[in-house]
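Coordinates in review
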Amino acid sequence: MLLRNTRVSGGTGEPVDIRIENGIITGIGPSGESGPSGDDTRDLGGRWLSPGLWDNHVHFSQWALVQQRLDVSSAGSAREAVAMVAAAIEAADADPGSTSPFIGYGFRDALWRDEATVEALDALGGQRPIVLVSGDLHAVWVNTAALSLYGHLGHTGMLVEEPAFEITRRLGIVDDAQLDRWVDAAARHAASRGVVGIVDLEMAWSLENWTRRIAGGTRSLRVEFGVYAQHLERAVALGLRTGDRVNDLLTVGPLKLISDGSLNTRTAYCFDAYPGREGEENSHGLLTLPPDELLPLMRRGVAAGIVPTVHAIGDHANSLALDAFAELGVRGRIEHAQLLAATDLLRFAELGVVASVQPDHALDDRDVAEHHWAGRTDRAFALRSLLDSGATLAMGSDAPVSPLDPWVTIAAAVARSRGDREPWHPEQRITVAEALAASTRTTVAVGQRADLIVTGTDPLAADVESLRRLGVAATLLGGEFTHDTL
Ligand SMILES: [Zn+2]
């Protein structure tokens, strides 16, 4: 295949032609000098070419489920919520013949002036059950088809408390075939944002799921799947090793170990006590894998060829994870690395431990961090300090926690701000080029995999708002189009 008339982002800006054979870039030359056009030629019209993007931390099934649910939190009335549902069902993405429930979530009806009735949803006319879950999860608003499905025919108005919880629970149970369709849709959507690969840290055993999905035609993404501690022996018994290819798109990923909790729940394990919790139990957070449990798990993984990645959010948890990598003398990753002791910064580079970070969380958590980590936030989400200390960053979304959209992630790292707010610790901002480097695994060069994205704007020249919403005209994975609006 020949991609004609494109400019390589970060290159000279001169139009070039790119030849791709067997999924690999085999030639880059001045545009128009590549010989006659064949059937397999695409003119990129001077658009920009960059390497395809990776999301280094996702929970893909969870993301696929959330993607199927309509966010109705902005509805100011029942009428508005119904209009949002109508528009979403009509949208091209919705599977028209589906009899699985259409799910919305997040409505807050306390101040609505109109009533949320079964009839209002029935007026949308479909046979498809519709379930809208309230923002506090204590109520569901359904149509007659859903009343029938869940055994509440005859009920009028909203279902609250027990029946609401029961329905919400059942919504989370999805058969493999249905989930695979949603995963495929989510994978295609990711490709439309320029994603060519993910590290899937879904907590389930993933080998068969992804093998089946890829065999079934989900070919929009490369997938590295993580193995959790509870599945370590199963992976060892199968002889799975990190980096092993299962098929052309599927690779065995890391051993995922969770060593502490989270910031929002004040369970991230820190050197300092959480303000107001001094002297209480777990005042410093929760160490879920103390060294005498973490080390044997890491050792077992390493011996079998499965490289550890350790979830560590608090500074003390990070310190202990780094100690463990030092003691074993192995490389690996730390997931999140949200709060770091100044003395630990240099150790990432020294030990060859990659910091797998989620910059968009910094913007969700900045106020919480200022409260729970008061006086310490100069060391929180310290991307600039990590890079300056020589560490390698791998960026991701932790979807569904943040949206699986690398441009949102990149913009967060570059701006450390969203909307009109002043940047949070602007000294920790990184450049677009650095953020892209932390989101890519290839370059646009001869001999590299043809995992590529085509954009109308040069990402390196885009301002933050355009970066966050950057339009991707096409995505290629191994030289095949996985997204194409050219
Ligand atoms: Zn995660």
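The structure presented is a predicted model; accordingly, all values stated were derived computationally and were not measured. (Residues numbered from 1 in each chain as written. Predicted model: local features only at pLDDT ≥ 70, side-chain atom pairs only at ≥ 80, totals over all residues. Heavy atoms only, no water.)

1. Digging into the coordination of the zinc ion
For the zinc ion, every protein donor is listed as His-57 (NE2), His-59 (NE2) and Asp-398 (OD), and the spread of their distances is 2.0 to 2.2 Å. For the zinc ion, the single-chain donor residues occur in sequence as H-x1-H-x338-D. Placement of the pair is His-57 in strand 6 (residues 53-58) and Asp-398 in the loop between strand 18 (393-395) and helix 14 (406-415), with a sequence separation of 341 residues. The same class applies to His-57 as to Asp-398, namely buried. (Donors = N, O, S within 2.8 Å, 3.2 Å for Na, K, Ca; no water. Helix = DSSP H or I, 4+ residues; strand = E, 2+ residues; numbered from the N terminus. Buried < 20%, exposed > 50% of the residue type's maximum accessible area, 1.4 Å probe, protein only.)

2. As for the pairing of strand 15 (residues 308-312)
Taken across its five residues, strand 15 has five buried, putting it largely inside the fold. Residues Pro-308, Val-310 and Ala-312 point to one face of strand 15 and Thr-309 and His-311 to the other, with burial holding for every one of them. In terms of strand pairing, strand 14 (residues 250-258) meets strand 15 through four bridges, oriented parallel. Pairing of Leu-257 across the sheet is with Val-310, part of strand 15. Taking the sense of rotation as the criterion, the β-α-β connection linking strand 14, helix 9 (residues 291-304) and strand 15 turns out right-handed. Direction of pairing for strand 15 relative to strand 16 (residues 332-336): parallel, over a ladder of four bridges. (Pairing = 2+ DSSP bridges. Right-handed = clockwise from strand over helix to strand, strands pointing away.)

3. Some points on the packing of helix 12 (residues 359-372) against helix 14
Where helix 12 meets helix 14, the closest approach of the two axes is 7 Å, and the angle between their N-to-C directions is 65°. Between helix 12 and helix 14, the interaxial angle falls into the category roughly perpendicular. With respect to the hand of their crossing, helix 12 and helix 14 are arranged in left-handed fashion. Every residue of helix 14 that contacts helix 12 at Pro-359, Asp-360 and Leu-363 is listed here: Val-408, Thr-409, Ala-412 and Ala-413. Its residues assigned to classes, the contact of helix 12 with helix 14 comprises five nonpolar, one polar and one charged. (Axes fitted to C-alpha atoms, helices over the stretch in contact; angles between N-to-C directions. Parallel < 35°, antiparallel > 145°, perpendicular 65-115°, else oblique. Left-handed = near helix turned anticlockwise from the far one by under 90°. Contact = heavy atoms within 4.5 Å. Nonpolar A, V, L, I, M, F, W, Y, C, P; charged D, E, K, R; others polar.)

4. Things to note about the sheet that holds strand 16
Strands sit in the order 6-12-13-14-15-16-17-18 across an open sheet of eight strands; the sheet is parallel. Only two strands of the sheet have a single neighbouring strand rather than two, namely strand 6 and strand 18. In this sheet, neighbouring strand axes are inclined to one another by 25° on average, regardless of whether the strands run parallel or antiparallel. The sheet contacts of helix 7 (residues 207-215) involve strand 12 (195-200), strand 13 (222-228) and strand 14, and relative to strand 14 the element is tilted by about 150°.

5. As for the sheet that holds strand 10 (residues 139-142)
As summarised here, the arrangement of the five strands in space is 7-8-9-10-11, forming an open sheet in which the pairing is mixed. Strands at the two margins of the open sheet, each flanked by one partner only, are strand 7 (69-71) and strand 11 (159-160). In this sheet, strand 9 (residues 130-134) lies alongside strand 8 (residues 102-107) in parallel orientation, the contact comprising five bridges. The residue bridging Ile-103 from the neighbouring strand is Val-131, located in strand 9.

6. So, the nonpolar core
Counting 78 residues, the largest nonpolar core has Phe-60, Trp-210, Ile-334, Phe-348, Trp-407 and Ile-410 as its most contacted members. If we skip the residues at most four places from it in the chain, Phe-348 touches Asn-318, Leu-322, Ile-334, Ala-337, Leu-340, Val-353, Val-354, Ala-355, Leu-386 and Ala-391. Core analysis: the second largest hydrophobic core is formed by 18 residues, Val-72, Ala-75, Val-85 and Leu-121 among them. (Core = buried A, V, L, I, M, F, W, Y, C linked by side-chain atoms within 4.5 Å.)

7. As for unusual backbone geometry
Peptide bonds are mostly trans, and most non-glycine residues show a negative phi. The amide bond that connects Ala-399 to the next residue, Pro-400, takes the cis arrangement and shows omega of 10°. Checked against the element boundaries, Pro-400 lands in the loop between strand 18 and helix 14. In the Ramachandran plot, Phe-381 falls in the positive-phi region, its phi being about 50° despite a non-glycine side chain. Mapped onto the secondary structure, Phe-381 falls in the loop between helix 12 and helix 13 (383-388). You will see that Asp-398, though not glycine, has its phi angle at about 60°, which is positive.

8. Quick word on helix 7
In an α-helix there are 3.6 residues to a turn, and that puts residues three or four apart on one side. Those residues of helix 7 that sit buried are Leu-207, Asn-209, Trp-210, Arg-213 and Ile-214. Here the buried residues of helix 7 occupy an arc of 165° about the axis, which is enough to place them on one side. Those residues of helix 7 that are buried lie in contact with helix 1 (60-67), helix 6 (176-192), strand 12, strand 13 and strand 14. In the segment just after helix 7, Gly-217 is the residue with positive phi, at about 110°. (Arc of directions from axis to C-beta.)

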